[in-house]
Amino acid sequence: MKHPEIVNKMSLEQKAAFVSGYDYWHLEEAPELGLPKIMITDGPHGLRKQNKDKKASQGIGLGNSVPSTCFPPASTSSCSWDENLLREEGIALAEECLKEEVSVVLGPGTNIKRAPTCGRNFEYFSEDPYLAGKCSASFVNGVQSMGVGTSLKHFACNSQEAFRMVINEVVDERAMRELYLTAFEICVKEAQPWTIMNSYNRINGVYTSQNEWLQEKVLRGEWGFEGLLVTDWGSSVDRIPGLYNGTDLEMPSSARINTNKIIAAVNSGELDIAVLDKRVDTVVDLIVKSKPALEKKHTYDIEAHHAIARKVAEGSMVLLKNNDSILPLKKGQKVAVIGELAASPRFQGAGSSVINPNKLDNALDELKKLGVDVVYAPGYVKNKDEIKDDLVNAAVDAAKSADVALVFVGLTDEFEGEGYDRVNIEMPSSHNNLVSVIAKANPNTAVVLAGGSVINLPWVNEVKGLLSTGLGGQAVGSATANLLTGAVNPSGKTSETYPLSYEDNPTFGNYPGGPVTSEHRESVYIGYRYYDKAEKDVLFPFGYGLSYTTFEYSDLQVSADSIKDTDTVTVSFKVKNTGDVYGGEAAQLYIADKESTIFRPVKELRGFKKVFLNPGEETTVSLELSKRAFAFYNVKLGDWMVETGEFDILIGASSRDIKLSKTITVESTVNAEIPDYRKTAPAYYTADVSGMNGAQFEAVLGSELPKNERDKSLPIDMYCCLNDARHTKWGGRMCNAIEGIMAKFGSAENGDGKMIAAMATQIPIRNFMAMSMGVCSPEIIDGLLMILNDDQSSFVGFNKIFWRIGGALTRLPALLKSI
């Protein structure tokens, strides 16, 4: 233990209380032991601290947070491919935490984008684990350099919102190791986040909050994680197994429910006091690390942080198309700015990460400030997907009167958010219609696209220009104006692939699964790994982005033509700005195994570097590669392994724009059997997802597939969610009633009510008690289960309990906002 002198002075009751929160946002305190009550709160792209005018114990406080800087979410900032920029953002965010006396900010979100339709993709960095890991590590190092902690989340395999609290992610270990765990591993080894937040879901049958293999063997044993494991809010399932299997802190407070269980478990011998002491010590260590930053008052410069938010947005926006150099805008042009998003931008996602920005600018006003001759027409009503002829006609008139038309469109709040997944990759039909109509009215049309995930663009061949602003944070307007006018040169590159159609993505027809399981039949083939292997054309490849200048790659050098897997190799090459304006270029290094026994992607990102060059300037980029760059995870060996052979080192401007290449030989020093699935799972050697049927997936998984339907003959218990009871007399009525009620509470924060409706019907029943701060007592939960099981006769006080449940349900909107 790190602090035995403190832990040994605690009573059993105090220890039991310390591994649970004091309330929703605070940890327990022990002033007599020098342990203050510290606060942890939501991020991850800004500070979402609940306002003091609402008691912290009352809940999560959506829409009621202190003003803070809203930086671009991870889906956007990852497109910068700029580790220094992410670190700078982290430092600024930490300064705001210091001012608000917040000790840990809950982020970054580091889950891998398995599918383009995950509702929370805007909070995550990439489809590629190397890029995601490097972005996470840079952000964490920035925050923690200021004495503020982070919470790397959601560990692990949390790639969907549907049934996220109960879903069983069925995934083979190799895919876990190579895709879903690698980003976390990079961040742990390079940044040591103070805390890691486990996810709600199960992995191959075991909830992450009590998954010994994941938390103790891999995270702590193999990676050397030194910090605290905290539950996502409500992800604690059974607290005693959770303690044994690595979860240190339960959040939020369960109102002594689990505290009492822990005390009883120690007294009965069910829980070893040494295990509890170990968990308490980790909580104490977090508090001790947080103390120095709380010893004095802090402040920050709002304008300076707004400028940093603008800098991140400018470096992350991606120029996807620029025919005839329609951008940047030329001096003296009359510009039609069309689309309500130009005046009222969508700059962040919906859900627990919603920031109350301390400033907010928009592109329309900022273009005017830069002296652009603008005529404006809204074109549509932002939060209603309706084609209004009068608005469209006015927009057409504006476009015809201008030299250039800029059409601002994208995903609106109700299209993506926490708690629910998108059903496709479409954006509002009114937006699509507007683009096509304007492109016909003015041939010089460019689109400014907003959104936190991949979008289908049916009109892409009708317009000359396309700038993706992503979700640009509170400075999205000024950043967009600077790029459109050429004050800043675009340098962002895509961090996920844009397919030609939703049906092309490898998870189509198999995602999100549910209600019981989500089968990762595609294994290692997600994103560009799939599109390359399947030889599918894409709209915009991974790592792609245009500039107002041009770059030339040359002089690829490799320090050795042949190495052993215990050696490192240095790769260097030159990048030159051959254009006439200053610009940034994210140069990428991929590795391709030329021949392998096990199925592998065509190539995988193994390094990158963003350089900034003046016209005519040239620089040398140097990257070092070790064993992991060439290795796959061998499930038979239980370790990373290189198969002896030739590997191509590929240097590219994107995953599909390879500029330079060299071949080297790598010799394995490990003698182990390599899994060969060519007979049992041949579809995986060509990424034929249609052939990845049950038998072939089982061969890769190494076990039989679990059932994806709950046995309806089994009684509903507290581990079920209300959705599991839809087939019962009262379960279906409750689900329908709740969804109807929630629809009336829609807002930008909760995705038009979809977030809290999904939470209400898909949250485990146990959480209504554990997270309600006493609203739902054990007696109410027992009565609810009896009702859901249509068991009226066996409970004497059924009517009484029924009306108590009804009274609790009238408080459901407030309760759900709290969870």
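Refer to the structure above for everything that follows.
In what follows, the accompanying structure is described. (Residues numbered from 1 in each chain as written. Predicted model: local features only at pLDDT ≥ 70, side-chain atom pairs only at ≥ 80, totals over all residues. Heavy atoms only, no water.)

## With respect to the overall build of the protein chain
Helix and strand content of the protein chain: 24 helices and 27 strands. With respect to the three principal axes, the spread of C-alpha positions in the protein chain is 80 × 70 × 60 Å. Once local pairs closer than 6 in sequence are excluded, the contacts in the protein chain between residues at least 24 apart make up 76%. Accessible surface for the protein chain amounts to roughly 28,400 Å². Of this, 48% is attributable to carbon and sulfur atoms. Placing the 84 positive and 105 negative side-chain charges of the protein chain at their respective mean positions leaves the two points 3 Å apart. (Helix = DSSP H or I, 4+ residues; strand = E, 2+ residues; numbered from the N terminus. Contact = heavy atoms within 4.5 Å. Areas by Shrake-Rupley, 256 points an atom, 1.4 Å probe, with all protein chains shown as cover. Lys, Arg positive; Asp, Glu negative; His and termini not counted. Charge placed at Lys NZ, Arg CZ, Asp CG, Glu CD.)

## Some remarks on unusual backbone geometry
Pro 44 follows Gly 43 through a cis peptide bond whose omega is 0°. Mapping Pro 44 onto the fold places it in the loop between β1 (40-42) and α3 (74-77). Omega for the bond connecting Leu 327 with Pro 328 falls within 30 degrees of zero, at 5°, which places this linkage in the cis form. Non-glycine residue Cys 157 carries a positive phi angle of around 60°. The class of Cys 157 is buried, set by a relative accessible area of 1%. For Ser 325, which is not a glycine, the phi torsion comes out positive at approximately 50°. Position of Ser 325 relative to the elements: it lies in the loop between β9 (318-322) and β10 (334-338). (Buried < 20%, exposed > 50% of the residue type's maximum accessible area, 1.4 Å probe, protein only.)

## Section: the environment of Ser 430
By secondary structure assignment, the location of Ser 430 is in helix α15 (residues 429-441). Classification of Ser 430 as buried rests on a relative accessible area of 3%. For the pair Ser 430 and Val 409, spaced 21 residues apart in sequence, the C-alpha separation works out to 9.2 Å. Apart from the residues lying within four places of it in its own chain, the contact partners of Ser 430 are Tyr 380, Lys 384, Asp 385, Glu 386 and Ile 387.

## A closer look at the sheet that holds strand β21 (residues 583-593)
An order of β19-β27-β26-β21-β22 is seen for the five strands of this open sheet, with the pairing classed as mixed. The strands lining the two open edges of the sheet, one partner per strand, are β19 (562-564) and β22 (604-613). Mean inter-strand twist for the sheet, computed between neighbouring axes without regard to direction, equals 30°. Pairing geometry for β19 and strand β27 (residues 657-667), over three bridges, is parallel. From the neighbouring strand, Ile 563 faces β27, where its bridge partner is Val 666. (Pairing = 2+ DSSP bridges. Axes fitted to C-alpha atoms, helices over the stretch in contact; angles between N-to-C directions.)

## A word on the environment of Gly 133
Counting through the fold element by element, Gly 133 comes out in helix α5 (residues 129-144). A relative accessible area of 0% means that Gly 133 is categorised as buried.

## Details of the pattern of salt bridges
Considering all chains together, one arrives at 50 salt bridges under this definition. As a salt-bridge pair, Glu 222 and Lys 217 come within 2.9 Å of each other at their nearest N and O atoms. One connected set of salt bridges, linked through shared partners, spans Arg 120, Glu 123, Lys 153, Glu 161, Arg 164 and Glu 418. (Salt bridge = Lys/Arg side-chain N within 4 Å of Asp/Glu carboxyl O.)

## A look at the side chain of Ser 126
Here Ser 126 shows up in the loop between β2 (104-106) and α5. The exposure class of Ser 126 is buried, given its relative accessible area of 0%. Among the polar contacts made by the side chain of Ser 126, one reaches the main-chain amide nitrogen of Asp 128 at a distance of 2.9 Å. Looking at Ser 126, its side chain comes within polar contact range of the main-chain oxygen of Ser 495, at 2.7 Å. (Polar contact = N/O pair within 3.5 Å; in protein donor to acceptor, adjacent residues only side chain to side chain.)

## Notes on the packing of helix α4 (residues 83-99) against helix α12 (residues 302-316)
Remark: α4 packs on α12, axes separated minimally by 10 Å, with the N-to-C direction vectors making an angle of 155°. By the angle between their directions, the pair α4 and α12 is classed as roughly antiparallel. For α4 against α12, the interelement crossing comes out left-handed. Along the contact surface, α4 presents Leu 85, Glu 88, Glu 89, Ala 92, Glu 95 and Glu 96, while α12 presents His 305, Ile 308, Lys 311, Val 312 and Gly 315. A per-class count over the contact of α4 with α12 returns four nonpolar, two polar and five charged. (Parallel < 35°, antiparallel > 145°, perpendicular 65-115°, else oblique. Left-handed = near helix turned anticlockwise from the far one by under 90°. Nonpolar A, V, L, I, M, F, W, Y, C, P; charged D, E, K, R; others polar.)

## Describing the nonpolar core
One finds Leu 35, Phe 155, Trp 233, Ile 262, Leu 271 and Phe 599 to be the most contacted residues of the largest nonpolar core, which totals 143 residues. In terms of residues, this core owes the most to one element, helix α11 (residues 273-294), which gives eight residues. Residues in contact with Phe 599, not counting those within four places in the same chain, are Arg 174, Ser 523, Val 524, Tyr 525, Tyr 677, Tyr 684, Tyr 685 and Val 700. Judged by nonpolar contacts, the second largest core, of 66 residues, contains Leu 320, Ala 342, Ile 355 and Ala 402. (Core = buried A, V, L, I, M, F, W, Y, C linked by side-chain atoms within 4.5 Å.)

## Focus: helix α19 (residues 729-742)
In an α-helix, one turn spans 3.6 residues, which is why side chains three or four residues apart end up on the same side. Here α19 contains 14 residues, and its C-alpha end-to-end distance of 21 Å stays within 8% of the 20 Å for a straight helix at 1.5 Å per residue. Taken together, the buried positions of α19 are Gly 731, Gly 732, Met 734, Cys 735, Ile 738 and Met 742. The buried side chains of α19 occupy one side of the element, clustering within an arc of 160° when seen end-on. (Expected span 1.5 Å × (residues − 1). Arc of directions from axis to C-beta.)

## Looking at the packing of aromatic side chains
To describe a pair of aromatic rings, you give the distance between the ring centres and the angle between the ring planes. Summed over all chains, the structure comprises 20 aromatic pairs. Each ring, one from Trp 81 and one from Phe 542, has its centre 5.4 Å from the other, and the planes form 55°; the classification is tilted. Taken together, the positions of Trp 81 in the loop between α3 and α4 and Phe 542 in the loop between β17 (538-540) and β18 (551-558) put the pair 461 residues apart, joining distant regions of the chain. You'll find Trp 81 and Phe 542 in the same group, each marked buried. Ring centres 5.2 Å apart and planes at 85° place the aromatic pair Tyr 502 and Phe 508 in the edge-to-face group. Tyr 502 sits in the buried class, given a relative accessible area of 13%. An aromatic cluster is present here, built from Trp 81, Tyr 130, Tyr 528, Phe 542, Tyr 590 and Phe 608 joined pairwise through their rings. The side chain of Lys 37 reaches across the aromatic face of Tyr 22, ending 3.5 Å from its centre. The residue whose ring lies beneath Arg 733 is Trp 730, and the NZ or CZ to ring-centre distance is 5.0 Å. (Phe/Tyr/Trp six-rings, centres within 6.5 Å; stacked < 30°, edge-to-face > 60°. Lys NZ or Arg CZ within 6 Å of the ring centre and 35° of its normal.)

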